[in-house]
Amino acid sequence: MSTKEKAPEFTIRPLNFDAALAEKVKARRKDESLTAIAKALGITTGKAAMAELVATTKRVEPASPAVLARAVAKDRDGGASWGLLAAKYGVTEGTARAAYEAATGKPYSSLDFRKGQG
């Protein structure tokens, strides 16, 4: 990073997700829908989906907050969801959003593919 480039300012919070739950969901996913898995395990469908992402996404460890911010912005601009970014970089979705804002200077909601803006 050059001396003129300002380091992004955000708090990095690690993703704390139950690895055993992630493996249970991954094992059952071969034969069942996320809804059926969630109901059987007594969790929400969203938590089951996040467990699947955690279990199946290759983890990347950025060297610094600046590298994390640039990587998150690049992946998000490419269409990655906040959940996928959290699983990939091992941070909370809030940290991924803050990293995006730090890298781009735009609010995290400015690029929302569900609204047809992407």
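None of the values given here were measured: they were computed from a predicted structure.

1. Section: helix H2 (residues 34-41)
Within H2, the full set of buried residues consists of Leu34, Ile37 and Ala38. In a view along the axis of H2, the buried residues occupy a sector of 100°, so they form one face of it. Exposed residues pointing more than 90 degrees away from the buried face of H2 are listed as Thr35 and Lys39. In this structure, the buried side of H2 is in contact with helix H1 (19-29) and helix H3 (45-56). Count one or two residues on from H2 and you reach glycine 42, which has phi positive near 70°.

2. Quick word on the pattern of salt bridges
Scanning the entire structure with this criterion turns up four salt bridges. Notably, a salt bridge pairs aspartate 75 with lysine 88, separated by 3.0 Å at the nearest N-O pair. Here aspartate 75 is found in helix H4 (residues 65-77), whereas its partner lysine 88 is found in helix H5 (residues 82-89), with 13 residues between them in sequence. Judged by relative accessible area, lysine 88 falls into the partly exposed class, the value being 25%. In this structure, glutamate 93 and arginine 97 form a salt bridge, with 3.4 Å as the shortest nitrogen-oxygen distance. A residue pair is termed a helical-turn pair when its members lie 3 or 4 positions apart in one helix, as glutamate 93 and arginine 97 do in helix H6 (residues 93-104) at four residues.

3. Topic: the side chain of arginine 76
Its place among the elements puts arginine 76 in helix H4. A relative accessible area of 7% means that arginine 76 is categorised as buried. A distance of 2.9 Å separates a polar atom in the side chain of arginine 76 from the backbone oxygen of alanine 80.

4. Considering the packing of aromatic side chains
What the rule picks out here adds up to two aromatic pairs. Geometrically, the ring pair formed by tryptophan 82 and tyrosine 100 is edge-to-face, given 5.8 Å between the ring centres and 80° between the ring planes. Placement of tryptophan 82 in helix H5 and of tyrosine 100 in helix H6 is noted, with a sequence separation of 18 residues between them. According to the relative accessible area criterion, tryptophan 82 is buried, its value standing at 9%. When its relative accessible area of 1% is taken as the criterion, tyrosine 100 is described as buried. Grouping aromatic residues by their ring pairs yields a cluster made of Trp82, Tyr100 and Tyr108.

Rules behind the numbers
- Residues numbered from 1 in each chain as written.
- Predicted model: local features only at pLDDT ≥ 70, side-chain atom pairs only at ≥ 80, totals over all residues.
- Heavy atoms only, no water.
- Buried < 20%, exposed > 50% of the residue type's maximum accessible area, 1.4 Å probe, protein only.
- Helix = DSSP H or I, 4+ residues; strand = E, 2+ residues; numbered from the N terminus.
- Arc of directions from axis to C-beta.
- Contact = heavy atoms within 4.5 Å.
- Salt bridge = Lys/Arg side-chain N within 4 Å of Asp/Glu carboxyl O.
- Polar contact = N/O pair within 3.5 Å; in protein donor to acceptor, adjacent residues only side chain to side chain.
- Phe/Tyr/Trp six-rings, centres within 6.5 Å; stacked < 30°, edge-to-face > 60°.

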